[in-house]
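A structural walkthrough
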Amino acid sequence: THSGDLTFFPPGLGACGKINVVSDLMVAVSFEVFNSFGPQTNGNQVCGRKIQATAPGGKTVTVSVEDKCASCAQFDLDMSPAAFDQLADESVGRLHGVTMALTVSQRRCLIVPIHLERRNVGFSQAES
């Protein structure tokens, strides 16, 4: 798993081509993570994948990747308010030390950085 910061934003039309609302359990990932699954936006292989995020206090939420975040560091997440609210009060603004794992078919997978040709970093999936 990896850790990063967690923020929230009012979603709308995301990079995956879906219109999201504040009550959706969705997330925007960094450009680096998003583009490691391919250069296209709509139809990108990361779109719709689930990420389980865990706050330092142990609260968890599972969110669907629906957008990319221009201001996020590599493993930061930018969530809808509904998703953020499951981990912390919005008055916190930014939550540090949130861990995340990509989930596939109800099986939790580790997110492991790998070097890709002419790209910075991608993800490979390994069962835990």
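Whatever comes next refers back to the structure up there.
Quick look at the structure, then. Being a predicted model, the structure only gives us computed values, none of them experimental. (Residues numbered from 1 in each chain as written. Predicted model: local features only at pLDDT ≥ 70, side-chain atom pairs only at ≥ 80, totals over all residues. Heavy atoms only, no water.)

**Details of the overall build of the chain**
Under the convention used in this document: Counting from the N terminus, the helices are DSSP H or I runs at least four residues long and the strands are E runs at least two residues long. Per-residue accessibility, obtained with a 1.4 Å probe over protein chains only, is compared with the maximum for each type, and a residue is labelled buried under 20%, exposed over 50%, and partly exposed between these values. Per-residue and other accessible areas were derived by the Shrake-Rupley procedure at a 1.4 Å probe size, with only the shown protein chains allowed to occlude residues.
Across its full length, the chain holds two helices and eight strands. In sequence order, the secondary structure elements of the chain are arranged as β-β-α-β-β-β-α-β-β-β. Expressed as a percentage of its 128 residues, the buried residues of the chain come to 45%. Carbon and sulfur atoms form 50% of the exposed surface of the chain, whose accessible area is close to 6,500 Å².

**Brief notes about the packing of aromatic side chains**
Two aromatic rings are characterised by how far apart their centres lie and by the angle between their planes. Here is the rule: Stacked, edge-to-face and tilted are the three classes for Phe, Tyr and Trp ring pairs, Trp counted by its six-membered ring, which pair at centre distances within 6.5 Å; planes under 30 degrees apart are stacked, over 60 edge-to-face, the rest tilted.
A full pass over the atoms with the stated rule returns one aromatic pair. Ring plane angle 50° and centroid distance 4.8 Å describe the contact between F8 and F84, whose orientation is recorded as tilted. Taken together, the residues span a long stretch of sequence, with F8 in strand β1 (residues 2-8) and F84 in helix α2 (residues 81-85) at a distance of 76 residues.

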